[in-house]
Structure formats: structure tokens, C-alpha cells
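So the chains spell out like this:
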Amino acid sequence: MKQHATNIVRELRNRGFQAYFAGGCVRDTLLGLAPADYDVATDAKPSEVMRIFPETYAVGAQFGVVLVPLKSPAEAKEPWMGQGPGSAQSEAEPNIAPGEHPNYVEVATLRNDGTYTDGRHPDQVSYSKDPQEDVQRRDFTINGLLMDPLDGDRVLDFVGGRDDLKAGIVRAIGDAERRFAEDKLRMLRAARFAARFGYAIEAETFAAIQRLAPQIEQVSRERVRDELTKMLTEGHARRAFELLDRTGLLKEVLPEIDRMHGVEQPPEFHPEGDVWIHTLLLLEKLPPKVSRTLAWGALLHDVGKPPTFRVAPDRIRFDGHVEVGVRMTEEIARRLHFSNEDTRQIAALVANHMRFADARRMKESTLKRFMRLPKFDEHMELHRMDCLSSYGNLALYDFVRERRQQTPEEEITPKPLLTGEDLIALGYKPGPQFREILSATEDAQLEGTLHTRDQAISFVLSQFLPAR
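Just so it is clear, the model here is predicted, and its values are computed rather than measured.

So, about the overall build of the protein. Assigned secondary structure in the protein consists of 24 helices and 13 strands. Split into buried and exposed, the 468 residues of the protein put 51% on the buried side. Accessible surface, the protein: about 21700 Å² in total, of which carbon and sulfur atoms supply 48%.

For the rest of this paragraph, the subject is unusual backbone geometry. Non-glycine residue K289 carries a positive phi angle of around 70 degrees. Residue position: K289 is located in the loop between α13 (275-284) and α14 (292-300). Its relative accessible area of 80% is what places K289 among the exposed residues. For H337, which is not glycine, the phi torsion reads 60 degrees and is therefore positive. By the secondary structure assignment, H337 is in the loop between α16 (321-335) and α17 (340-352).

This brings us to the packing of aromatic side chains. The description of two aromatic rings rests on the distance between their centres and on the angle between their planes. Evaluation of the coordinates by the stated rule reveals 10 aromatic pairs. Consider the rings of F140 and F193, whose centres lie 6.1 Å apart with planes at 80 degrees: the pair is edge-to-face. Taken together, the residues span a long stretch of sequence, with F140 in the loop between α4 (131-135) and β8 (146-148) and F193 in helix α7 (residues 185-197) at a distance of 53 residues. The exposure classification of F140 matches that of F193, with both residues buried. Ring centres of F370 and F376 lie 5.2 Å apart, and the angle between their planes is 85 degrees; on these two criteria the pair is classed as edge-to-face. Given a relative accessible area of 0%, F370 falls into the buried group. The class for F376 is buried, based on a relative accessible area of 7%. Directly above the ring of Y20 sits R13, whose terminal nitrogen or CZ lies 5.3 Å from the centroid. Positioned above the aromatic ring of F193 is the side chain of R192, whose terminal nitrogen or guanidinium carbon lies 4.9 Å from the ring centre.

Because an α-helix packs 3.6 residues into every turn, residues spaced three or four apart end up facing the same way. Taking 1.5 Å per residue, 15 residues should reach 21 Å; α16 reaches 20 Å between its end C-alpha atoms and fits that length. Of all the residues in α16, the buried ones are H321, V322, V324, G325, V326, M328, T329, I332, A333 and R335. Phi turns positive one or two residues past the end of α16, at H337, with a value near 60 degrees.

This part takes up helix α9 (residues 221-233). Look at α9: 18 Å from first C-alpha to last across 13 residues, which is about the 18 Å you get at 1.5 Å a residue. Every buried residue of α9 is listed here: R223, V224, R225, E227, L228, T229, M231, L232 and T233. Tucked into the core, α9 has its buried residues touching α7, α10 (237-247), α11 (250-253), α13 and α14. Two residues or fewer past α9, G235 is found with a positive phi of approximately 100 degrees.

Of note, T419 is situated in the loop between α21 (409-412) and α22 (420-425). Residue classification places T419 among the partly exposed residues on the basis of a relative accessible area of 36%. For the pair T419 and F434, spaced 15 residues apart in sequence, the C-alpha separation works out to 9.3 Å.

Next up on the list: the environment of E381. Along the polypeptide, E381 turns up in helix α19 (residues 376-388). With 95 residues separating them in the primary sequence, E381 and L286 have C-alpha atoms 9.8 Å apart. For E381, the side chain forms a polar contact with the side chain of R384, separated by 2.7 Å.

A word on the pattern of salt bridges. Tallied over the full model, the rule gives 38 salt bridges. Put simply, D134 and R138 hold a salt bridge, and the shortest N to O gap is 3.1 Å. By relative accessible area, which is 15% here, R138 ends up buried. D151 is paired through a salt bridge with R154; the nearest N and O atoms lie 2.7 Å apart. Connected through salt bridges with shared partners, the residues R13, D148, D151 and R154 form a single ionic network.

Turning next to the environment of P35. Residue position: P35 is located in the loop between α2 (24-30) and β2 (39-42). Along the primary structure P35 and M1 are separated by 34 residues, whereas in three dimensions their C-alpha atoms are 9.0 Å apart.

Once that is clear, we can look at the nonpolar core. In summary, soluble globular proteins display a tendency toward joint burial of nonpolar side chains. Ranked by size, the top nonpolar core spans 94 residues in total, and within it L12, F241, L254 and W296 carry the most contacts. Considering every element that reaches this core, the biggest residue donor is α7, with 9 residues. Apart from the residues within four sequence positions on either side, W296 is in contact with R225, L228, T229, L232, L254, L336, F338 and I346.

Along the chain, H383 falls in helix α19. On the basis of relative accessibility, which here comes to 7%, the residue H383 falls in the buried class.

It is worth spelling out the pairing of strand β4 (residues 65-69) at this point. Across the 5 residues that make up β4, a large majority, 5, are buried. Of the two faces of β4, the one lined by V65, L67 and P69 and the one lined by V66 and V68 are each fully buried. Two strands pair when backbone bridges link them, and β4 and strand β5 (residues 104-109) are joined in this way by 5 bridges, in the antiparallel orientation. Following the sheet pairing, V66 is matched in β5 by V107.

Moving on, we come to the confidence of the model for the protein. Per-residue confidence for the protein gives a mean pLDDT of 90; residues scoring 70 or more make up 89%. Low confidence marks residues 72-99, where pLDDT is under 50. Its contacts with residues over four positions away, or in another chain, come to 58 contacts.

This next bit is on the packing of α19 against helix α20 (residues 395-406). Each pair of packed helices can be described by the angle between their axes along with the distance between the axes. The contact between α19 and α20 brings their axes to 10 Å, and the two run at 160 degrees. As far as their axial angle goes, α20 and α19 are roughly antiparallel. Regarding α19 and α20, the two cross each other, and that crossing is left-handed. Across from F376, M380, H383 and R384 in α19, the residues of α20 making contact are L396, Y397, V400, R401 and R404. Among the residues forming the contact of α19 with α20, the class breakdown is 5 nonpolar, 1 polar and 3 charged.

Scoring rules and cut-offs
Residues numbered from 1 in each chain as written. Predicted model: local features only at pLDDT ≥ 70, side-chain atom pairs only at ≥ 80, totals over all residues. Heavy atoms only, no water. Helix = DSSP H or I, 4+ residues; strand = E, 2+ residues; numbered from the N terminus. Buried < 20%, exposed > 50% of the residue type's maximum accessible area, 1.4 Å probe, protein only. Areas by Shrake-Rupley, 256 points an atom, 1.4 Å probe, with all protein chains shown as cover. Phe/Tyr/Trp six-rings, centres within 6.5 Å; stacked < 30°, edge-to-face > 60°. Lys NZ or Arg CZ within 6 Å of the ring centre and 35° of its normal. Expected span 1.5 Å × (residues − 1). Contact = heavy atoms within 4.5 Å. Polar contact = N/O pair within 3.5 Å; in protein donor to acceptor, adjacent residues only side chain to side chain. Salt bridge = Lys/Arg side-chain N within 4 Å of Asp/Glu carboxyl O. Core = buried A, V, L, I, M, F, W, Y, C linked by side-chain atoms within 4.5 Å. Pairing = 2+ DSSP bridges. pLDDT = per-residue confidence, 0-100. Axes fitted to C-alpha atoms, helices over the stretch in contact; angles between N-to-C directions. Parallel < 35°, antiparallel > 145°, perpendicular 65-115°, else oblique. Left-handed = near helix turned anticlockwise from the far one by under 90°. Nonpolar A, V, L, I, M, F, W, Y, C, P; charged D, E, K, R; others polar.

Have a look at this one:
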């Protein structure tokens, strides 16, 4: 990808424009990390960028942002030429968003932003020829670096970003409150970058976040969701959520998680401490690139405990916390606009995380149905982390894992011995009884007492009278 981005810089330079790598790719390169993507900053205007490169996507042309496909000049149909401005603009791929497409390089025109009335987009954009002016509008010093790939990766640093990289500091460029007023999401990004790199948030930047934290509600819920998901899946989730807590952002974006503080648990089952500490210990175990559903399941698995907490004569209890937690999880997912598929899986993780306690006592049919839950590996992993974050006993985890490994797939999800059509042929009328009959038949099949269609027919005729 770097070579493709370098080719874009070279082509812009050949046309007489300035062009540099910008932002996160420069930061990651200096840290010895492989950049996930490359951004290019240039003084070419969007219309000029689109004239030079074919198949461009003008996803943010009003703000100077164009996506250029990852092609070398030799691969282009007419070496970066010939299709006119924005020949395949966002009509061909309307869901592309800047910074979110792996097969494109984001090319942004150097600019000087005006005021940000909506807390995200500048009211007016003035294009610039001065790279130093452009970086002043960016979020943090470590993201405000430019690099010239045609001059031995020479770095242009107008904001002290290299010093902050060496010192391990996340610092807003210029006035912190102004940077956050321009885009409130930057407050969450500060916490994420500090967690991801193990950095400290500079004092004035930190104080500005604390003052402005309530204004995070102005950010769209989708953007908040995506930023939180990155925190949960980059491998430093505990640190990220500790920073959200300290800055005051946690109670604004996830008040249900903030309420876990100080909610005691029975020490015989949770010697580690309260629900907040227990949840942090789970977050600490989330590896980089973990699935987003498992990550959110780990965060929310005990979300129902604070509202169900009570002290009984024998011990602390959380009666019905699973059912309450499922409802709360579904509400949080709706609020943050999760997809239906992700919502179902996250809620299923919350709904089933306590079922492992009954695994040894389950009927064979119940255990097999449990083990065929969609994405059962996520249920297993959540239980493992849950155990290691409390009493540390993995006996039930090992029992279910061994049973899952030893049980053939065709025994866990066998082909049905009977269908609804078979029941009709036997004289049963379609209706609620169908489900009862088919479920009972499958139970017997999973228990290993029915093996053939004839056995299943005999079982049904002996157990259920046809409806009259």
C-alpha cells in the first residue's frame, strides 16, 4: 500500500503540486508500526485531483477529500488520465466514507477551516498552499506530522509531534477546547490513542475533555459506537475504559457501565472486587482484533447487576440480572444503532453467559442445543474470561470444551427424522401441536433414543394423539 500511496504523491508532484503523507501513517511509521492505511495531503484542489486520477470517489469533496484507488500508473487504464473529473464518484459506491475504505488512499487538499457550528464539519473551508497552516486544524500533535516519501521519508513537524511521540503524550494541537469544539468525537479519540500506545493525555488536553465531556452527546451515535468498538478491539480495552472513566466520558456515553462502580459482589464467587473491577479484568483479556460482538458481550455481560443488586440474609444477590441485562443490552444496541445481527449475538452472549454453571446437569439434548448456539466459540471464550476474572476455576469450561470436541457435528445438529409434511401424512393438523411434536422428537433424537424415521413415527403415534 505504501508504494501505491507513494505513486500518488509522485504523480501529484509531477503535475506541479505539493504532496505528502499525512496523519496516522506518519505516526505509525515513526513508531515502527505498519500503517493500516495512507493519507495524502496536497495543495491540489479536489477537482484537480479528480482530473489526474481515474475512478475517484468524491466522498468529501466539499471538505477537500477525495478517495483514489490503489493503482500504480502502469495499472491504470490510461495512466491516471482520461476519464474526467470524478468519473466514478460516490454514485458507484455510495457507502464509502473517508478513512474507512481499505482499497483507497484518502487525498485531502491543504486547507484552513472556519468555525464548526455543528461540532463536526467546518462551516467554511478555505484551501491553502501552506502545509503548516493545514496541520494546525488537525486533532493531536502525534497526528499532525507530514512525511515526504520522495525524500527519504523526511518528516515535516510544525507542531512538536515528534517530541510528543518520544515522550508518550497525546496533546491537542493549539487550544484544546477549540480542537474539541470542532469535533467532539476527538475527546473519545484522545482516550483511544492514549490507551492504544500506552501514552498519557497532556494535562491541558485532559482538563479540556473533563470540562467538555457532557457535549459528547452532540456526536452521532454511530460515530460514538464505532469509536468505542475500536477501543474494545484494539487490544487495550481496559486502559481505554479507565481513561473514559477518569475523563468523565464514560457516564456520558455508557451510563449503564458507569453504574457498575461500587456494586459489591459475593466474595466467595468474586474475590476480585466489585462489578466494575470484574468488568475491567475481562476487558484486559480482550486481544487485538477480537470480534466486536465478543468484545461488546464482555463489556455488557453483567450490565444487569447494578439494577438487581440486593443484600439477602445469606449473601449478596442479583436475582434476574441476566434477563434484565439482556433487555438493557438490546436498549444500548438500539441506542447506538447496532445492526440486527450484531444485536442478536451480543444479547445472546449476555443471555447465555450463566448457563455454563448448569452444564454438567443438563440433559444430553439441552447440552447439544446449547453447544449449537451461533458462534458458540464466542460463548466459550466469554465464559473462559469470566472465570479467569473471578474465581479462576475453568472446570466447567474444560467440560464443555471437551464435550464439544468429542461430539460429532451431525450429533449436535442432526438431520430431522420427521418434518411437518410427515405429521400431516400421519393425520395431524398444522398448528401449535406441530412445534411440540417436532421438538419432542428432536429431544429424543438428541438424547440418542431415536435413530430412524420409523422409530420417530412410532414415538409420535405413542406420545401424541392426532388433533380432531
